[in-house]
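Structural overview
Letter by letter, the chains look like this.
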Amino acid sequence: IVYNETMKSHLEHHCKTVHVVPGGVDSQHFTFEPPVPKTPKDAKRILMTGRASDPMKGLDVLLEAGERLYGQRRDFKIHVTVPEETALPPFSLAIGWQTHTGLVNYYHQSDVCVVPSRWEEPFGLVALEAMATGRPVCASRVGGLQDIVVHKETGFLFDAGDSAELAKQLEILLDNPNLRQRMGIAAHRRVYGEYRWPHIVEHHYLPILEGAVEEHRGHRTL
C-alpha cells in the first residue's frame, strides 16, 4: 500500500499487487469558506503551511518567486509557518506554528496557498487542507502533490525549484479574483468527492480488506 502513483510505478515490477491509498482530510474541521472580497489595492495573502523550516519544503523557492513579484507589485504578503523570530524579506511574515483551529483561520484568510516542496512528497496533506477550505494551490510537480492538485483546474503545478514559473502562476492568480474563486470551489469539490475519510475507507481500505478475506478463503479451500 503506497500513497501515490509515482511510488506505485517504482514497486509494481517487484510486487504483483500494489494499491494506491491516499490520505484523507477531516472536512468537518477544514471547512469551506468563501474568500474575503478585496479591492485591487488590498494585499492578497499567499500562505505556506507545514514544516516550512525544513529546506526540503522549498520555502526558498517561494521567497525567490516573491522577490520577482515584489519588484513589480506590492499587493501581496506571504505568510509562512516558521518561528516568529525568523528573518524574512519585507514582503513576507513569519506566523509561527499554528494550532489546528488557528491553521483553519489562516486558510480562510488566505487567497492562494503554495506547497513548493523540493523532495518527492509521499502525499501532501497541507495541499489537501488548503483545497478543503476552498483555496487554489500552487504546488511542485512531485510525489503525491501531482496527484492531488489538478493543473489549471484546482490550482497550478510547477517543476520543483522553478521559482520563475511559480512567480508567473502567482501573478495570474493575484490578478484574477474570479479565477481564484473558481479554482477554490473546484478544489473544495475535489476534496469533498475524493479525499474525505469516509470516502477513503469505503473506496480504498474496504476493497483491500475484502480482497484479502477472499484470497484467504481461496487458500483454505485449496
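**So, the sheet that holds strand β6 (residues 155–158)**
Reading across from one edge, β3-β2-β1-β4-β5-β6 is the order of the six strands in this open sheet, with parallel pairing throughout. One side of each edge strand has no neighbouring strand; the edge strands of this open sheet are β3 (92–94) and β6. Each neighbouring strand pair of the sheet contributes to a mean axis angle of 20°, computed without reference to strand direction. Judged from the two bridges that link them, strand β1 (residues 44–48) and strand β4 (residues 112–115) form a sheet pairing that is parallel. When the sheet's bridge partners are listed, L47 is paired in β4 with C113.

**Side note on the environment of I172**
Counting through the fold element by element, I172 comes out in helix α6 (residues 163–175). I172 sits in the partly exposed class, given a relative accessible area of 38%. Separated by 142 residues in sequence, I172 and F30 have C-alpha atoms that sit 26 Å apart. Residues in contact with I172, not counting those within four places in the same chain, are F156 and L179.

**Quick look at the pattern of salt bridges**
All told, the structure shown has seven salt bridges when counted by the stated rule. Here K38 ties to D111 by a salt bridge, and the two come within 2.5 Å at their closest N and O atoms. Here D111 lies in the loop between α3 (100–109) and β4 and K38 lies in the loop between α1 (5–11) and β1, a separation of 73 residues in the sequence. Take K38: its relative accessible area is 28%, and that puts it in the partly exposed class. Put simply, R73 and D175 hold a salt bridge, and the shortest N to O gap is 2.7 Å. Here R73, found in the loop between α2 (59–70) and β2 (76–80), pairs with D175, found in helix α6; they are 102 residues apart in sequence, far enough to count as distant. Within the structure, one salt-bridge network assembled from shared partners comprises K44, R73, D75 and D175.

The rules we used
- Per-chain numbering applies: the sequence of each chain, read as written, is numbered from 1 onward.
- Local features in a predicted model are, by the rule used here, given only for residues with pLDDT of at least 70; side-chain atom pairs are given and counted only at 80 or more, and totals for whole chains, interfaces and linings are based on all residues.
- To obtain the side-chain values, all non-hydrogen atoms of the structure were included, while hydrogens and water were left out.
- Strand pairing is assigned whenever DSSP detects at least two bridges linking the two strands.
- What counts as a helix is a DSSP run of H or I of at least four residues, what counts as a strand is a run of E of at least two, and both are numbered from the N terminus.
- Angles run from 0 to 180 degrees between N-to-C directions of axes, and those axes are lines fitted to C-alpha atoms, restricted for helices to the stretch in contact.
- A 1.4 Å probe rolled over the protein chains alone gives each residue an accessible area, and that area as a share of the maximum for its type sets the label: buried under 20%, exposed over 50%, partly exposed in between.
- Any two residues having at least one pair of non-hydrogen atoms within 4.5 Å are treated as being in contact.
- Salt bridge criterion: a side-chain nitrogen from Lys or Arg within 4 Å of a carboxyl oxygen from Asp or Glu.

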